[in-house]
Amino acid sequence: MSLTGTPFFLATIALAVVSVLLPLLLWGRVRGPAVVRGASRLAMVVLAQGAAVLSVFVVVNNTNGLYDSWADLLGTGHHVVAAPDLGRDGLGSHKDLANEPKVVQEFDPVHDARMGRNVRVTQLRGRVSGVRGEVYVWLPPQYDQPAFRHRRFPVVELLGGFPGSAKAWFSSLRVQSQLEAGMRSGEIAPFILVEPRTNLLAGQDTGCANVPGVVDAESWLSVDVRQMVIDTFRARGGAKGWAVAGYSAGAHCAVKMALAHPDRYRAAVGLSGYNDPAAERVSLTARAPELRRANNPLWILRHATTPPRVALYLSGGRDDGYRAGLALRRAAAPPTRVVVARVTGPHTIGLWKRQVPQVFRWLTAELSPWAGRGAPAKGV
């Protein structure tokens, strides 16, 4: 039975109801010695409490997109096949991807009502990173229209938090449902939306980093997933056609990858993110000082040989992304551009969901050839 499926959810509700009724019906009917009666009644109370907690967990999990499957929850999934040392560029021996065999994937429809219409999924084995995992893709309304049959489309790679589901942007933030009308009217650029798996190690946040011998998460996201989308769909290949967006731990990843690879991404969005990897208690990249520095977006920006040609949109509460964004803005020099917006609300899906339209209007203005058609971002 699927962890996120309706049957399991209904089963937990039924169990909660039964566990509450049991004490009401059987409390006075328990027979036997005092110890037996006490143990039986205690068991009924514990069952009721456990069933209630289970029901709440399922609701929270489904609402916030934390775990996709039992394997994710229990840490039994295996997504890292190999983790070679790929060097600073994360390419290893694959220096000329354009001349390598194309990575064309077959995609299947997603039969999950929470994700809306027309989301597709594939299981990708990363040729460079040695990571394997699911990748969800949604194509804009214009993609199959005859007038656009020769057009290549801009792409936004979407990253969830930790723990995080690869479905969260579609199922919890309702990104495509919020944007489809704007794409049809021309207010929002017709982006291809791509959400790959980021939960790769049991109980550990990879920080979207390459750690030889452990995981090459950055190459999975910025090389393997990116190249597969370019090879499989009519997606733009240059940095001008690509952006990456994330919330919470995914915001940290998005900003870090864009600053580290301006040859792959032209823009990044970070919602309630952070700079120091140690902000995430179980971050893999916070364990060693050198790794912690190298994966800090602020350190990357300050130590770049030349300022990266990247635009950043950063939002958050005062101590939940806003100050981190201001630090990046102070460190930025042209052509790096940073917009910082202060928002109010708890660190939850609801806060990030309501920002989706504004974020994509900003992305529309940043990614040519739609530059200037979106509304300007409000920031400080």
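One can find the structure itself at the top, above this paragraph.
Where two cysteines share a covalent bond between their sulfur atoms, that bond is called a disulfide. Counted by the stated rule, this structure contains one disulfide. Two residues share a disulfide in this structure: C208 and C253, whose sulfurs sit 2.2 Å from each other. In this structure the cystine formed by C208 and C253 twists about its S-S bond by roughly 90°; its chirality is therefore right-handed. Taken as a pair, C208 in the loop between β5 (192–196) and β6 (210–211) and C253 in helix α7 (residues 249–260) lie far apart in primary sequence, 45 residues in all. Classification of C208 by relative accessible area gives buried; the value is 3%. Given a relative accessible area of 3%, C253 falls into the buried group.

The next point concerns the layout of surface pockets. As a volume, the largest pocket reaches approximately 910 Å³. Lining the largest pocket are 28 residues, with R88, E218, A260, A294 and I300 sitting closest to its centre. Mapped by element, the contributors of at least two residues to the lining of the largest pocket are β6, α7, α8 (289–294) and α9 (297–302). The volume enclosed by the second largest pocket comes to roughly 260 Å³. L97, A98, R226, Q227 and I230 are the residues nearest the centre of the second largest pocket, which is lined by 17 residues in total.

Cis geometry is adopted by the peptide bond preceding P163, which originates at F162 and carries an omega value of -15°. Tracing the backbone through its elements, the reader meets P163 in the loop between β4 (155–159) and α4 (168–171). Following P334, the chain continues to P335 via a peptide bond in cis, the omega torsion being 10°. The residue P335 is located in the loop between α10 (322–331) and β11 (337–342) in this model. Of note in this structure, N118 is not a glycine but carries a positive phi near 70°. Within the element layout of this structure, N118 appears in the loop between β1 (108–109) and β2 (119–125). Its identity as a non-glycine residue notwithstanding, R174 has a phi of 55°, on the positive side.

Taken together, the side chains of I13, V17, V20, L21, L24, L25 and L26 make up a nonpolar region of the molecular surface, amounting to roughly 630 Å² of accessible area. Relative to the helices and strands, L21 is located in helix α1 (residues 6–26). Overall, L21 belongs to the partly exposed group, its relative accessible area being 41%.

So, about the packing of aromatic side chains. One pass over the structure, following the stated rule, counts nine aromatic pairs. Connected via pairs of aromatic rings, a cluster forms that spans F107, Y143, F148, F153 and F233. It is R226 that lies over the ring of W242; its NZ or CZ is 5.0 Å from the centre. The ring of Y143 is capped by R234, whose NZ or CZ atom sits 4.2 Å from the centre of that ring.

In total, this model carries 15 salt bridges according to the counting rule given. Taking the shortest distance from any N to any O, the salt bridge between R184 and E180 comes out at 2.9 Å. Of the two residues, R184 and E180 are both situated in helix α5 (residues 175–185); the distance of four residues between them amounts to about one turn of the helix. Judged by its relative accessible area of 55%, R184 is exposed. Under the relative-accessibility criterion, E180 is labelled buried at 14%. A salt bridge links K256 to E218; its shortest N-O distance comes to 3.6 Å. A residue pair is termed long-range when its members are at least 10 positions apart, and K256 in helix α7 and E218 in helix α6 (residues 217–232) qualify at 38 residues. Taken together, the shared-partner salt bridges in this structure form one network comprising D112, R114 and K167.

What counts, and where the lines are drawn
Residues numbered from 1 in each chain as written. Predicted model: local features only at pLDDT ≥ 70, side-chain atom pairs only at ≥ 80, totals over all residues. Heavy atoms only, no water. Disulfide = S-S within 2.5 Å. Helix = DSSP H or I, 4+ residues; strand = E, 2+ residues; numbered from the N terminus. Buried < 20%, exposed > 50% of the residue type's maximum accessible area, 1.4 Å probe, protein only. 1 Å grid on protein atoms, 1.4 Å probe; cavity = no way out; pocket = protein on both sides within 12 Å on 5 of 7 lines; lining within 4 Å. Points joined across faces, edges and corners; volume = space filled by probe spheres on them. Patch = residues over 30% accessible without salt bridge, like charges linked within 9 Å, V, L, I, M, F, W, Y side chains within 5 Å. Areas by Shrake-Rupley, 256 points an atom, 1.4 Å probe, with all protein chains shown as cover. Salt bridge = Lys/Arg side-chain N within 4 Å of Asp/Glu carboxyl O. Phe/Tyr/Trp six-rings, centres within 6.5 Å; stacked < 30°, edge-to-face > 60°. Lys NZ or Arg CZ within 6 Å of the ring centre and 35° of its normal.

Read these as layout, nothing more, since geometry by itself doesn't imply function.
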